[in-house]
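# Chain and residue survey
Chain by chain, the residues:
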Amino acid sequence: MKAVVYTKYGLPDVLKFTEVAKPTPKDNEMLIRVRAVAVNFGDTLARHFNEISPRKFSMPIFFWLPARLVFGLNKPKINILGSEFAGDIEAVGKNVTRFKVGDPVFGYRGPKMGANAEYVCVAESEIVTPKPSNMSYEQAATVPYGALTALNLLRKVKLQPGQKVLINGASGAIGSYAVQIAKLMGAAVTGVCGTPRLEFVRALGADHVIDYSTTDFTQNGETYDLIFDILGKSSFARCKRSLTPKGRYLLASFKMPQLFQMLRTSLFGRKKVICALSGENPDDLRQIKEWVEQGQIKSIVDRCYPLEQTAEAHRYIETGFKTGYVVITA
Ligand SMILES: NC(=O)c1ccc[n+]([C@@H]2O[C@H](COP(=O)([O-])OP(=O)(O)OC[C@H]3O[C@@H](n4cnc5c(N)ncnc54)[C@H](OP(=O)(O)O)[C@@H]3O)[C@@H](O)[C@H]2O)c1
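These notes cover the structure that comes with them. Just so we're clear, the structure is a prediction, and the values are computed from it rather than from any experiment.

### A closer look at the overall build of the protein
Across its full length, the protein holds 10 helices and 15 strands. Over its C-alpha atoms the protein spans a radius of gyration of 20 Å, differing by no more than 12% from the 20 Å that the globule rule assigns to 330 residues. For the protein, the spread of C-alpha atoms along the principal axes amounts to about 60 × 45 × 35 Å. Taking the intrachain contacts of the protein between residues at least 6 apart in sequence as the baseline, contacts between residues at least 24 apart amount to 67%. Counting every atom, the protein has about 14300 Å² of accessible surface; 56% of that belongs to carbon and sulfur. Distance between charge centroids for the protein: 8 Å, based on 43 positive and 30 negative side chains.

### Overview of the site of the ligand
Looking at the ligand, there are 25 residues lining it, with Tyr-145, Ser-171, Arg-197, Tyr-212 and Ser-253 nearest. One nitrogen or oxygen atom from the main chain of Ala-173 is found 2.9 Å from an oxygen atom belonging to the ligand. Look at the ligand: alone it shows 950 Å² of surface, and the protein chains cover 82% of it. It is helix 4 (residues 144-155) that contributes the most residues to the shell around the ligand, 3 residues altogether. Of the residues belonging to the shell around the ligand, the class tally is 14 nonpolar, 9 polar and 2 charged.

### Overview of the environment of Gly-324
By the secondary structure assignment, Gly-324 is in the loop between helix 10 (310-319) and strand 15 (325-329). Classification of Gly-324 by relative accessible area gives buried; the value is 1%. Along the primary structure Gly-324 and Asp-302 are separated by 22 residues, whereas in three dimensions their C-alpha atoms are 4.9 Å apart. Residues in contact with Gly-324, not counting those within four places in the same chain, are Phe-200, Ile-300 and Asp-302.

### Examining the packing of helix 4 against helix 5 (residues 173-184)
Here helix 4 crosses helix 5 at 55°, and the two axes come no closer than 7 Å. Comparing their axes, helix 5 and helix 4 come out oblique. Regarding helix 4 and helix 5, the two cross each other, and that crossing is right-handed. Only Ala-173, Ile-174, Tyr-177, Ala-178, Ile-181 and Ala-182 of helix 5 make contact with helix 4, whose side of the interface consists of Tyr-145, Gly-146, Ala-147, Thr-149, Ala-150, Leu-151 and Leu-154. Counted by class, the contact of helix 4 with helix 5 contains 11 nonpolar, 2 polar and no charged residues.

### Examining the sheet that holds strand 8 (residues 164-168)
Read from one edge to the other, the open sheet built from 6 strands follows the order 10-9-8-11-12-13, with strand pairing classed as parallel. Strands at the two margins of the open sheet, each flanked by one partner only, are strand 10 (208-211) and strand 13 (272-275). Each strand of the sheet is rotated relative to its neighbour by a mean of 20°, with strand direction disregarded. Inspection of the sheet shows strand 12 (residues 243-251) paired to strand 13 by 4 bridges, in the parallel sense. By the bridge assignment for strand 13, Leu-250 is matched with Ile-274.

### Concerning the nonpolar core
The biggest cluster of nonpolar side chains holds 53 residues, and the ones touching the most others in it are Ile-32, Phe-49, Phe-57, Val-128, Ile-227 and Tyr-249. The contacts of Phe-49, once residues within four sequence positions are left out, are Tyr-9, Phe-57, Ala-67, Arg-68 and Phe-71.

### Regarding helix 9 (residues 282-293)
With 12 residues, helix 9 should reach 16 Å at 1.5 Å per residue; the first-to-last C-alpha distance of 17 Å fits that figure. Buried within helix 9 are the following residues: Asp-284, Leu-285, Ile-288, Lys-289, Trp-291 and Val-292. The buried residues of helix 9 occupy one face: seen down the axis, they fall within an arc of 160°. Where helix 9 is buried, its residues touch strand 5 (104-108), strand 7 (127-130), helix 4 and helix 5. Where helix 9 begins, the capping side chain belongs to Asn-281, and its oxygen is found 2.8 Å from the backbone nitrogen of Asp-283.

The rules behind these values
Throughout this description, residue numbers start from 1 for each chain and increase along the sequence as written. Local features in a predicted model are, by the rule used here, given only for residues with pLDDT of at least 70; side-chain atom pairs are given and counted only at 80 or more, and totals for whole chains, interfaces and linings are based on all residues. Side-chain numbers here rest on the full set of heavy atoms in the structure, without hydrogens or water. Working definition: helices are DSSP H or I runs of at least four residues, strands are E runs of at least two. Numbering for both runs from the N terminus. Radius of gyration here is computed from C-alpha atoms only, and the compact-globule reference equals 2.2 Å multiplied by the residue count raised to the power 0.38. What makes two residues a contact is simply this: any of their non-hydrogen atoms within 4.5 Å. All accessible-area figures derive from a Shrake-Rupley calculation using a 1.4 Å probe, and residue coverage is judged against the displayed protein chains alone. Charged residues are defined here as Lys and Arg on the positive side and Asp and Glu on the negative side; His and the ends of the chain fall outside this count. Lysine's charge is taken at NZ, arginine's at CZ, aspartate's at CG and glutamate's at CD. By convention in these notes, a residue is near a molecule or strand provided one of its non-hydrogen atoms lies within 4 Å of it. Pairs of N or O atoms within 3.5 Å make up the polar contacts considered here, provided that, within protein, one atom can donate a hydrogen while the other can accept it, and that residues adjacent in sequence are counted only when both atoms are side-chain atoms. Classification convention: Asp, Glu, Lys, Arg as charged; Ala, Val, Leu, Ile, Met, Phe, Trp, Tyr, Cys, Pro as nonpolar; all other residues, Gly among them, as polar. Throughout this description, buried means an accessible area under 20% of the type-specific maximum (1.4 Å probe, protein chains only), exposed means over 50%, and partly exposed covers the range between. Lines are fitted to the C-alpha atoms to define the axes, a helix being fitted only along its stretch in contact, and any angle between axes, read from their N-to-C directions, falls within 0 to 180 degrees. Oblique is the label for any angle not covered by the other classes, which are roughly parallel (under 35 degrees), roughly antiparallel (over 145) and roughly perpendicular (65 to 115). By definition, any crossing whose near helix is turned counterclockwise from its far helix by less than a right angle is left-handed, and any crossing with a clockwise turn is right-handed. A pair of strands is considered paired only if DSSP assigns at least 2 bridges between the two. Take the buried Ala, Val, Leu, Ile, Met, Phe, Trp, Tyr and Cys residues and link them wherever side-chain atoms come within 4.5 Å; each set so joined is a nonpolar core. Expected helix span is computed as 1.5 Å times (number of residues minus one). Throughout, the arc means the angular range of directions from the helix axis out to the C-beta atoms.

Following this line, the structure appears as structure tokens:
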């Protein structure tokens, strides 16, 4: 089968379109004919993980070494990227009971990756579920990572209808689904992003949008019940006066100082810092599929590239011009 393989870390040129053996599903696995794979933060990070020092890593230092060991210290251990996919089941192992040949599915493999290929084997117990009937393969492939992470992290704060939420990083994979999931939880949502993506975030349903390159949201006099900072580009100190008296500052990316802030604010003060890790499960993807089919969650694809141009897709992402998702079609 055709696949995009990388055997050394580096720039997008390390991604080579080549021929590899077609995998055979084990008894508990399905062979999926991949139709579309989104390129996300994890793909570009894994491609050049050798350059990510503990300081550059967006998580606490004690996650850095395990992550380096999983991905490979000096050269990549996992040679095919691609973690969120949509495709059709081509064969099933004898113990698979919930899926059959021909079913269109979508799913998320996290660090196992492997979907930048014509075929991937996925265990029935992994995060995989029937594809939403109202989305193309390209649209569906963009959903799992961002929507699962956004849902899991927003659950940590138990949003109430009518609450005011600000999402800092609303145009990215997690943020764009966080905007939509916070809206369907009944929140009034303000999305913060760069100038070229203001209309994109508005189209996702944000009630207000703020351009971080021209406006500092911490200075606009508004207060929010939740500030969800995806990249941690702001800080609790700066956000504090933009929080309501019991407001929460939720971080998807955090380091040791933010963990200490979480500990301190859990003991003292009414405004809380929450650093949270997402723990995905198949039921969550089934819930997300329902929301998609009810028209409550959409996906806006920017560009599609054929599998052989995966390196080009990575280059495009690194220009910083993308507005929406970049998808590989296989
Ligand atoms: N906690 C967890 O369990 C968990 C799980 C997965 C990932 N993560 C973390 O999530 C992060 C990746 O998130 P993602 O996949 O959504 O990334 P992404 O798709 O690259 O999106 C990044 C977002 O940040 C925005 N941004 C860039 N500079 C900014 C600034 N100065 N101020 C405000 N916003 C700014 C971007 O806006 P523009 O593009 O409009 O400029 C974009 O909306 C990583 O740090 C990763 O470690 C955490």
